[in-house]
Amino acid sequence: MTQITKGMIAILLMAVLLLGYGGLCSKSDSGSSAPVPTTVAFSTQPVNTVAGATMANVVVNVKDENAANMVGQAVSITTTNGTLLSGTLITNTDAAGNATFNDLVMTLTGTYAFSATAGSVITASANFDITSSIAQNLTFVAQPPASTVAGVNFASTVTVRVRDQYSNNVTGASVSITTTNGTAMNGTLVTNSDTSGIATFSPLSMTVAAAGYALSASATGCTTITSNGFDITTAAVDHYVVVAPASVVTNTDQTGTVKAQDVYNNDIATASTTLTMSKTDVTGTPTVTFYTSNTYATTTTTYSYTGGTSTIWFRATHDGTAPDTCTIKATDAGTKTGTSGNMDVTN
C-alpha cells in the first residue's frame, strides 16, 4: 500500500481549496450581473413643431436583454445632425421603462430626426419638421433702381425678405409696399413671401416725376422698413401749357407763359426746341403780335425754348367789332402743341 505523505496531503488540500474558490467566484459573478439596455425605441415620436415652441412629449422606451422594462435607466436625446436642441436632454426611465422628454425646443427650421442613447444602444426617431414662427423682421434685398423714367417699369425687381424672431425665412407672409410720401405707384403692391422668405414686387412704375422718393415695406407683426432713395424723371415732351390773360385791352403790352409737359403732366425742366407762336380766332378777327422781349420793340413768331416756364410778350389788337376772342398756340419743331384758354380783346 502506497504511503501517504504530508506533501501529498498538502497538494490535495490545495486542489480542493482552489476548486472550491473557483466555484464560489463563478457563483458570485453569475448572481451579481446587472441588466443592460438592449432595446431602445421611440414609443412616442416627435411631431412637426413651430420654431421656438415647446414640442409635444417625446417618449423613449428601454428594455433589457430579457425584454423587461428598465427602471431608472438614463436616456439622452439629441438631433442626429447636431443642430441645437434645448430643454431636458437626459432623463431616467420610469416604472414602465419610459423616458419622457417634455420641454424640448428647437429654433432653426428644417427637417430633423432625434437620436436617443441608453447605455451603448442608440436609435433614431422618425423625421419631423420645424417650421418658421410668425413674421417679425423685414429687409430689402433688392432695392429700387436709382432712377426711372415716369411711366416706365422699374428696370429691376424690388424684393423684401421676411424672417421670424429666430432669423428663419417665413413663407406665405403678406407684404405690401408704398411710397413713403404717399405718391401713387402702379404694379404689384401686395404679394406673399415664397419658400425662401422673399416677397417679389414686379412690375412697378410711377408717373409723378420727382427726386428723393423711397419705398416703405410692411407686414403684420413687423416693423415697417424704408428703402434707399430713388428718382422718377420726366418722360419726353408730350404737349405745352400756354397761359394767356382771360381779357386784354387792345394794343397794350401783355405777357403769357409757356411750358413743356410730358404725357403725365410733369413739367419738363430741360428741353431744346424752337416754339412757333400763333393765334386762333374764336370770334372776330383780332390781331396778335409777338415780341422778342419786354421792350416790345422787335416782333417775332418764334422763341428758343430750353425748358421750364418761359415768358412770351405780345400785343392784341381789337378788330373794331365786338366781341373779339382768340387763343394763343405754341408749336415746337416736332409738332407738339399747346393752346391757351380763350382771351377776350376789348377796346
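Nothing here was measured: the structure is a model prediction, and the numbers come from that model.

Calculation notes
- Residues numbered from 1 in each chain as written.
- Predicted model: local features only at pLDDT ≥ 70, side-chain atom pairs only at ≥ 80, totals over all residues.
- Heavy atoms only, no water.
- Helix = DSSP H or I, 4+ residues; strand = E, 2+ residues; numbered from the N terminus.
- Contact = heavy atoms within 4.5 Å.
- Phe/Tyr/Trp six-rings, centres within 6.5 Å; stacked < 30°, edge-to-face > 60°.
- Buried < 20%, exposed > 50% of the residue type's maximum accessible area, 1.4 Å probe, protein only.
- Polar contact = N/O pair within 3.5 Å; in protein donor to acceptor, adjacent residues only side chain to side chain.
- Pairing = 2+ DSSP bridges.
- Salt bridge = Lys/Arg side-chain N within 4 Å of Asp/Glu carboxyl O.

Draft legend 1. Unusual backbone geometry, seen in detail. Residue Pro 203 follows Ser 202 across a cis peptide bond; omega there is 0°. Summarising the element assignment, Pro 203 is placed in the loop between strand E17 (198–201) and strand E18 (204–205). Its identity as a non-glycine residue notwithstanding, Asn 265 has a phi of 65°, on the positive side. Of note, Asn 265 is situated in the loop between strand E25 (253–261) and strand E26 (273–283). Residues other than glycine seldom take positive phi values, yet Thr 335 does so here, at roughly 70°. Here Thr 335 shows up in the loop between strand E31 (325–331) and strand E32 (337–339).

Draft legend 2. Region of the structure containing the environment of Val 242. For Val 242, the position within the fold is in strand E23 (residues 239–243). Note: C-alpha distance between Val 242 and Ser 340 (98 residues apart in sequence) is 4.7 Å. In contact with Val 242, not counting residues within four places along its chain, are Thr 257, Val 258, Ile 328, Ala 330, Gly 338, Thr 339, Ser 340 and Gly 341.

Draft legend 3. View of the packing of aromatic side chains. Per the counting criterion, the structure on display carries 8 aromatic pairs. Measuring from ring centre to ring centre gives 4.7 Å for Phe 114 and Phe 128, while their planes differ by 50°; the resulting arrangement is tilted. Placement of Phe 114 in strand E8 (residues 114–118) and of Phe 128 in strand E10 (residues 128–131) is noted, with a sequence separation of 14 residues between them. Judged by its relative accessible area of 1%, Phe 128 falls in the buried class. With centroids separated by 5.8 Å and ring planes inclined at 80°, the aromatic side chains of Tyr 240 and Tyr 305 adopt a geometry described as edge-to-face. Of the two residues, Tyr 240 is situated in strand E23 and Tyr 305 in strand E29 (residues 302–305); the sequence distance between them amounts to 65 residues. An identical accessibility class is assigned to Tyr 240 and Tyr 305; each is buried. Within the aromatic cluster, the residues linked to one another by ring pairs are Tyr 112, Phe 114 and Phe 128.

Draft legend 4. The side chain of His 318, seen in detail. Examined against the element boundaries, His 318 turns out to sit in the loop between strand E30 (309–317) and E31. Among the residues examined, His 318 registers a relative accessible area of 11% and is labelled buried. Separated by 2.6 Å, the side chain of His 318 and the backbone nitrogen of Gly 320 make a polar contact. The contact partners of His 318, leaving out residues within four places of it in the chain, are Thr 250, Asp 324, Val 345, Thr 346 and Asn 347.

Draft legend 5. Region of interest: the sheet that holds E10. Sheet architecture is open: 3 strands sit in the order E2-E10-E7, paired in mixed fashion. Looking at strand neighbours, the two that pair on one side only are strand E2 (49–50) and strand E7 (110–112), the edges of this open sheet. Relative to E10, E2 is paired through 2 bridges, and the arrangement is parallel. By the bridge assignment, Thr 49 is partnered in E10 with Ile 130.

Draft legend 6. Broad picture of the sheet that holds E25. The strand order across the open sheet formed by 5 strands is E23-E25-E30-E27-E28, and the pairing between neighbours is antiparallel. Every interior strand has two partners, whereas the edge strands, E23 and strand E28 (299–300), have only one. Summarising the sheet, strand E27 (residues 287–291) and E30 pair through 5 bridges and their orientation is antiparallel. Bridge pairing links Thr 289 to Arg 315 in E30.

Draft legend 7. A look at the pairing of E31. Among the 7 residues that make up E31, 5 are buried, leaving the element largely enclosed by the rest of the structure. Of the pairings in the sheet, the one linking E26 to E31 comprises 7 bridges and is antiparallel in character. The residue of E31 that forms the bridge with Thr 283 is Thr 325. The sheet contact formed by E31 and strand E33 (residues 343–346) spans 2 bridges and is antiparallel. Residue Thr 325 lies in a different strand from E33, and its bridge partner there is Asp 344. Looking at chain direction, E31 and E32 are connected through 3 bridges and run antiparallel. Within E32, the residue paired with Thr 331 across the bridge is Thr 337. Hairpin connection, E31 to E32: the antiparallel pair is bridged by 5 residues, and Thr 335 has positive phi, about 70°.

Draft legend 8. A look at the pattern of salt bridges. Counted by the stated rule, this structure contains 3 salt bridges. Two residues, Asp 253 and Arg 315, come together in a salt bridge whose shortest N-O distance is 2.5 Å. One end of the pair, Asp 253, is in strand E25; the other, Arg 315, is in strand E30, with 62 residues separating them in the sequence. A relative accessible area of 42% places Asp 253 in the partly exposed class.

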